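Residue-level structural notes
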Amino acid sequence: MNDIFSSITLGDYQLSNRIFMAPLSRGRAVENGVPNAMMAEYYGQRASAGLIIAEATAVAKSGLGWMNAPGLYNDEQQAGWKDIAEVVHEKNGRIFVQLWHMGSIVHPDFIEGELPVSSSAVRQQGSLTTPKGRDREFAVPKALTRSQIGETVQQFVDAAKRAINAGLDGIEIHGANGFLVDQFIRDGINQREDEYGGSIDNRLRFMMEIVNAVCMEIGSGKVGIRLSPSNKVWGITDSNPQATFSRAVTLLNKFNLAYVHILEPKPETGHAMAASDYLTPVLRENYQGSLIINGGYNKKTANNALANNEAEAIAFGTPFIANPDLVERFQTDAALTQPDRTTFYTSEAKGYTDYAFMDGV
Ligand SMILES: Cc1cc2nc3c(=O)[nH]c(=O)nc-3n(C[C@H](O)[C@H](O)[C@H](O)COP(=O)(O)O)c2cc1C
């Protein structure tokens, strides 16, 4: 029987365990989205993960609205990622990077006062810190034209190409958490009347075009995608998540991807969600490839999920923030360090690269 310590082949790679590091934005790329030495040290510290999925990384400046988040759309950023890939590979790790366009969540403060883009001119709820201050509310975005949709798909392709040229092992398309791809998928935002809106297949078209184009460019064994079928981040909703996301994974079957990654905590782990709204089992039935699941897992619940054949691997987010040697701690049943939430998005090494390893690791 497989447990979290058993190896697994996903896409082009044989991975040494099934304890994956979930993508975690940490806002340490302080110079124009260029990954720096501190980030290389941080990812290198976590190289014993079966797979690191590095943080959300912008495919274009127009899609970047998060303080000090990295990008992968110019040579300097690519060189920064190359250093990270080298450090992780020196320690026999594997690393994908999550490719991201934030759509309407990009505040105009980040883009010289221009309006951000989305599937439709629908404002999402919430606010973020921008270079002009805290709690800056989102704007009403502009709907992408069809030719701009094509240009955006190409931005994902270009960033994926850069990822491979930087020596990263692959990419994860960020289709989750209310960002641009999700703004097309869910009908609470997508009000389009062309072939990118209306029916479920139309709302999935943008995602499918990105997946297809990226797979053509770098090969499907280096491509994953993350979806969050039931969360309502930034107020995003869908009238029928089960139908929408079952169809999404059904359509994804044709690509032979490295994986589909589902962010959806289980209701029984204390999350305020009705058991009937928990869609991962339905998605498991509909998806023939490898599934990564994430959201509130610990060693025990992760092993149970694998024993129940709920997924091929488990991604851990916050546990990896405070435990660079999470794999070794699980192996020895060592206590876990609790993360300090006040340093999740600060810019220094404190709360980033200074979490202790167990003795002897
Ligand atoms: C500080 C922080 C940053 C995050 N950044 C990202 C991100 O860049 N991309 C993403 O898809 N999810 C992001 N998430 C969500 C995590 O990947 C993960 O889904 C979440 O923490 C739940 O998993 P956990 O219970 O193991 O922590 C972030 C979460 C936290 C706490």
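In this report, we go over the structure that sits alongside the text. Here the structure is a predicted model, which is why all the values come from computation and not from measurement.

Procedures and definitions
- Residues numbered from 1 in each chain as written.
- Predicted model: local features only at pLDDT ≥ 70, side-chain atom pairs only at ≥ 80, totals over all residues.
- Heavy atoms only, no water.
- Helix = DSSP H or I, 4+ residues; strand = E, 2+ residues; numbered from the N terminus.
- Rg over C-alpha atoms; globule rule 2.2 N^0.38 Å.
- Buried < 20%, exposed > 50% of the residue type's maximum accessible area, 1.4 Å probe, protein only.
- Contact = heavy atoms within 4.5 Å.
- Areas by Shrake-Rupley, 256 points an atom, 1.4 Å probe, with all protein chains shown as cover.
- Lys, Arg positive; Asp, Glu negative; His and termini not counted.
- Charge placed at Lys NZ, Arg CZ, Asp CG, Glu CD.
- Pairing = 2+ DSSP bridges.
- Axes fitted to C-alpha atoms, helices over the stretch in contact; angles between N-to-C directions.
- Parallel < 35°, antiparallel > 145°, perpendicular 65-115°, else oblique.
- Left-handed = near helix turned anticlockwise from the far one by under 90°.
- Nonpolar A, V, L, I, M, F, W, Y, C, P; charged D, E, K, R; others polar.
- Phe/Tyr/Trp six-rings, centres within 6.5 Å; stacked < 30°, edge-to-face > 60°.
- Near = heavy atom within 4 Å.
- Polar contact = N/O pair within 3.5 Å; in protein donor to acceptor, adjacent residues only side chain to side chain.
- Right-handed = clockwise from strand over helix to strand, strands pointing away.
- Core = buried A, V, L, I, M, F, W, Y, C linked by side-chain atoms within 4.5 Å.
- Expected span 1.5 Å × (residues − 1).

**A short note on the overall build of the protein**
- For the protein, the count of helices and strands is 11 helices and 14 strands.
- A compact globule built from 361 residues would reach a C-alpha radius of gyration of about 21 Å, and the protein, at 19 Å, matches this within 12%.
- For the protein, the spread of C-alpha atoms along the three principal axes comes to 60 × 45 × 40 Å.
- In the protein, which comprises 361 residues, the share counted as buried stands at 58%.
- Considering only contacts within the protein whose residues lie at least 6 apart along the sequence, 70% involve residues at least 24 apart.
- Accessible surface for the protein amounts to roughly 14200 Å². Of this, 47% is attributable to carbon and sulfur atoms.
- The average position of the 32 basic charges and that of the 41 acidic charges among the side chains of the protein differ by 2 Å.

**Here's the deal with helix 1 (residues 37-45)**
- Burial analysis of helix 1 places 7 of its 9 residues in the buried class, the great majority of the element.
- Met-38, Met-39, Ala-40, Tyr-42, Tyr-43, Gly-44 and Gln-45 are the residues of helix 1 that are buried.
- On the buried face of helix 1, the contacting elements are strand 3 (19-21), strand 4 (52-58), helix 2 (75-90) and strand 5 (95-100).

**Describing the pairing of strand 8 (residues 133-137)**
- Of all 5 residues making up strand 8, only 0 are buried, and the element is barely covered by its neighbours.
- As judged from the 3 bridges shared by strand 7 (residues 127-130) and strand 8, these two strands associate in the antiparallel manner. From the neighbouring strand, Ser-127 faces strand 8, where its bridge partner is Glu-137.
- As consecutive antiparallel partners, strand 7 and strand 8 are separated by 2 residues.

**A look at the packing of helix 1 against helix 2**
- Close contact between helix 1 and helix 2 brings their axes to 8 Å; oriented N to C, the two are set at 30 degrees. Taken together, helix 1 and helix 2 sit at an angle that is classed as roughly parallel. Read as a crossing pair, helix 1 and helix 2 show a hand that is right-handed. Two secondary-structure elements touch here, helix 1 through Met-39, Ala-40, Tyr-43 and Gly-44 and helix 2 through Trp-81, Asp-83, Ile-84, Val-87 and Val-88.
- Residues that form the contact of helix 1 with helix 2 fall into these classes: 7 nonpolar, 1 polar and 1 charged.

**Description of the packing of aromatic side chains**
- Summed over all chains, the structure comprises 14 aromatic pairs.
- Considering the side-chain rings of Phe-344 and Tyr-345, the 6.2 Å spacing of their centres and the 85 degrees angle between planes classify their relative orientation as edge-to-face.
- An aromatic cluster is present here, built from Trp-66, Trp-100, Phe-138, Phe-179, Trp-234, Phe-344 and Tyr-345 joined pairwise through their rings.

**Topic: the site of the ligand**
- Around the ligand, the surrounding shell holds 19 residues, and the nearest of these are Ser-25, Arg-226, Asn-294, Gly-296 and Thr-318.
- With respect to the ligand, the backbone of Gly-296 contributes an N or O atom lying 2.7 Å from an oxygen atom.
- Protein coverage of the free-state accessible area of the ligand, which is 610 Å², stands at 84%.

**A short note on unusual backbone geometry**
- Phi at Glu-112 takes a positive value of approximately 50 degrees, unusual for a residue other than glycine.
- Its location among the elements puts Glu-112 in the loop between strand 5 and strand 6 (117-118).
- We note that Asp-135 has phi near 55 degrees; this positive angle belongs to a residue other than glycine.
- The residue Asp-135 is located in strand 8 in this model.
- Since its relative accessible area comes to 58%, Asp-135 is described here as exposed.

**Focus on the side chain of Ser-228**
- By secondary structure assignment, the location of Ser-228 is in the loop between strand 11 (223-227) and helix 7 (241-252).
- Once residues lying within four places of it in the same chain are set aside, the contact partners of Ser-228 are Ala-176, Asn-177, Asp-182, Arg-186, Phe-245 and Leu-263.

**What about the pairing of strand 13 (residues 291-294)?**
- Burial along strand 13 is two-sided: Leu-291 and Ile-293 facing one way and Ile-292 and Asn-294 facing the other are all buried.
- Of the pairings in the sheet, the one linking strand 12 (residues 259-263) to strand 13 comprises 4 bridges and is parallel in character. For Leu-263, the partnering residue across the bridge sits in strand 13 and is Asn-294.
- The parallel pair strand 12 and strand 13, bridged by helix 8 (residues 280-286), forms a crossover whose chirality is right-handed.
- Both strand 13 and strand 14 (residues 313-316) contribute to a ladder of 3 bridges, which runs parallel. The partner of Ile-293 across the bridge, within strand 14, is Ile-314.
- With respect to chirality, the unit in which strand 13 leads through helix 9 (residues 299-307) into the neighbouring parallel strand 14 is right-handed.

**So, the nonpolar core**
- With 85 residues, the main nonpolar core has Tyr-43, Ile-171, Met-207, Leu-227, Leu-252, Leu-257 and Val-260 as its most contacted residues.
- Filtering out sequence-adjacent residues up to four positions away, Tyr-43 remains in contact with Met-21, Leu-24, Ile-52, Ala-54, Glu-55, Ile-84, Val-88 and Ile-95.
- Within the second largest apolar cluster, 15 residues are counted, among which are Ile-111, Phe-138, Phe-179 and Trp-234.

**Regarding helix 3 (residues 146-165)**
- Spanning 20 residues, helix 3 covers 29 Å between terminal C-alpha atoms, matching the ideal 28 Å at 1.5 Å per step.
- Along helix 3, the residues classified as buried are Ile-149, Thr-152, Val-153, Phe-156, Val-157, Ala-159, Ala-160, Arg-162 and Ala-163.
- Positive backbone phi, approximately 95 degrees, marks Gly-167, located one or two places after helix 3.

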